[in-house]
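Summary of structural features
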Amino acid sequence: MAVKRKKIPVPDLDLVPIMNLVTILIPFLIMAAEFIQLAVIDSSAPPIGKPPPTETQEEDPFQLIVMIMDNGLYIDGSRSVKQLVYGDDSGGASSGDGDKKEREPTFRCTDGQAELDTCDSKDHYNWQALADTLVKIKEDASSGENRVEDIILMPDHEIRYEVIVRAMDVVRDGSGLVDLNSSWRKLPEPGDKNYREDKAPVVLFPKVVIGGGKIED
Amino acid sequence: MALKTARRDLPEATLTITSMMDMMTIILVFLLKSYSTTDISVKPDGNLTLPASSSTEAPTMAVQVLVAKNRILVDENEIMLLDYDQATGVIRIPENELDPDNKLFINGEHSLAKELENARITLTEQNKSTKTEFEGEVLLQIDRDVPFDVIHRVMFTAGQEQFGEFQFVVIKTGE
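Residues numbered from 1 in each chain as written. Chains lettered and ligands numbered in written order. Predicted model: local features only at pLDDT ≥ 70, side-chain atom pairs only at ≥ 80, totals over all residues. Heavy atoms only, no water.

Next up on the list: the confidence of the model for chain A. Summarising the model, chain A shows a mean pLDDT of 78, and 72% of its residues fall at 70 or more. The least confident element of chain A is strand β4 (residues 94–95) of chain A, whose mean pLDDT is 62; the most confident is helix α4 (residues 161–173) of chain A, at 93. (pLDDT = per-residue confidence, 0-100. Helix = DSSP H or I, 4+ residues; strand = E, 2+ residues; numbered from the N terminus.)

Here we take up α4(A). Residue and element names in this part refer to chain A. In this model, α4 (13 residues) spans 19 Å end to end at C-alpha, consistent with the 18 Å of a helix rising 1.5 Å per residue. Within α4, twelve of the 13 residues are buried, which leaves the element mostly enclosed by the surrounding structure. Of the positions making up α4, those classed as buried are Tyr161, Glu162, Val163, Ile164, Val165, Arg166, Ala167, Met168, Asp169, Val170, Val171 and Arg172. Residue Gly174 follows α4 closely and has a positive phi angle near 80 degrees. (Expected span 1.5 Å × (residues − 1). Buried < 20%, exposed > 50% of the residue type's maximum accessible area, 1.4 Å probe, protein only.)

For interface size, the figure often reported is the accessible area lost on association. The interface is formed by 43 residues belonging to chain A together with 49 residues belonging to chain B. Both sides of the chain A and chain B interface together cover about 4000 Å² of buried area, and 66% of this is carbon and sulfur. When the area that chain A buries against chain B is broken down by residue, the three leading residues are Leu38(A), Val40(A) and Tyr161(A), summing to 20%. Inspection of the chain A/chain B interface yields two salt bridges. Note that Glu158(A) is salt-bridged to Arg92(B), the shortest N-O span being 2.8 Å. Put simply, chain A and chain B have 17 residue pairs in polar contact (both at pLDDT 80 or more) between them. Elements with a minimum of two residues in the side of chain A that touches chain B: α1 (16–32), β1 (38–44) and α4 of chain A. In terms of residue count, α1(A) provides more of the side of chain A that touches chain B than any other element does, eleven residues in total. A breakdown of the residues in the side of chain A that touches chain B according to their chemical character gives 26 nonpolar, eight polar and nine charged. Relative to strand β8 (residues 165–172) of chain B, β1(A) is paired through seven bridges, and the arrangement is antiparallel. Looking at β8(B), one finds that Ala39(A) is bridged to Val170(B). (Contact = heavy atoms within 4.5 Å. Buried area = accessible area lost by both parts, 1.4 Å probe. Salt bridge = Lys/Arg side-chain N within 4 Å of Asp/Glu carboxyl O. Polar contact = N/O pair within 3.5 Å; in protein donor to acceptor, adjacent residues only side chain to side chain. Nonpolar A, V, L, I, M, F, W, Y, C, P; charged D, E, K, R; others polar. Pairing = 2+ DSSP bridges.)

Moving on: the packing of aromatic side chains. Tallied over the entire structure, the rule returns seven aromatic pairs over all chains. Taking the centre distance of 6.3 Å and the plane angle of 10 degrees together, the rings of Phe62(A) and Phe205(A) count as stacked. In this pair, Phe62(A) is assigned in the loop between β1 and β2 (64–69) and Phe205(A) in the loop between α4 and β9 (207–210), connecting sequence segments 143 residues apart. Measuring from centroid to centroid gives 6.4 Å for Phe105(B) and Phe156(B), while their planes differ by 80 degrees, and the two rings are edge-to-face. Residue Phe105(B) is found in the loop between β6 (90–92) and α2 (112–130), and its partner Phe156(B) is found in helix α3 (residues 148–160); the two are separated by 51 residues along the sequence. With a relative accessible area of 14%, Phe105(B) lands in the buried category. Geometry around Phe205(A) places Lys138(A) over its ring, the cationic atom sitting 5.4 Å from the centre. (Phe/Tyr/Trp six-rings, centres within 6.5 Å; stacked < 30°, edge-to-face > 60°. Lys NZ or Arg CZ within 6 Å of the ring centre and 35° of its normal.)

Turning next to the pairing of strand β4 (residues 77–81) of chain B. As judged from the four bridges shared by strand β3 (residues 71–74) of chain B and β4(B), these two strands associate in the antiparallel manner. Bridged to Leu73(B) within β4(B) is Glu78(B).

Another aspect to go through is the pairing of strand β3 (residues 72–77) of chain A. Residue and element names in this part refer to chain A. Most of β3 sits out of view: six of its six residues are buried. Residues Gly72, Tyr74 and Asp76 line one face of β3 and the alternating positions Leu73, Ile75 and Gly77 line the opposite face, and both faces are buried. Bridging between β2 and β3 involves six bridges; their strand directions are antiparallel. Considered in β3, the bridge of Ile65 is made with Asp76. The antiparallel hairpin formed by β2 and β3 contains two residues in its connecting segment. Pairing of β3 with strand β6 (residues 107–110) involves two bridges; the strand directions are antiparallel. Bridge assignment links Leu73 to a residue of β6, and that residue is Phe107.

In structure tokens:
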């Protein structure tokens, strides 16, 4: 005897409740959405006055200053920094006489092909040369446990904020212009006397202090 | 002769929402990815364009000082207007807003210093109840074309009111 097979109708999935949920969620998520991601760059106010004297006062305490001028970048600081950058303590060339004496920038403005008299945009500054020099200074100043991380930025009064932000990016971690992962810069492995628990990322000078005004001779 | 029209039971029309579900699911996934958990926000302002930076550090809650091309706000309250020349792009703090004895101190007619002092007092009172210390942090949202001359004065004024830790807000370009 033939058995008749009943066809069981497959019910359609009811999507209406899910649609209700999605329709309510979407306006809420749109209100809370962040289409532009924000970040911050930390900086501190420059200290006022001389630091208190310590028992072991270094003869030439490390100090690194980068001045941002409208015609380029200038590096100044302690004697060791000047020796490394300029080969002597003079701090590079200067032009003019008397009260009108002005420092010549360490790295002049450039459009990639020729030097310019003034930097009209943040891309005209020679950030590559600055990053390369900062790496050399970091190599020279860092030894064992001594990790120098402080830098002072001194922009001229007409320098725009986006140039200052670009400078902060470059001095903090090179901003992709230099490879900080070469052999000498690798973090010490566990067991090495210089090993640090916090495994801080390799950086240049992350502690940025923004100061105002030009340094007078 | 009456025409007997057979009543035809029309089948119920069903709405096919499968394709709409596909679209909603994709939008939902995208919005979940863009969901923000930070308290810091930037309100659209024609005179405030933040610079881009490679920094990835997340902002923390602090007193917000916004320096747009034409005005300065503290915690979304407009404090003072700036002299902004649209033709030349020059931005200056009006002379009457500066302290006559110290041109770095914005303590003139509308007194940014006074506003920051009030913010500090409020924070100190709040911290007493939570037994936390006053950190002295300030979030600076500054337009990318503002000259350092203005920034320097804002930072100096904040420093005079015991705000010594600055967080410069930037747009993250990528990790």
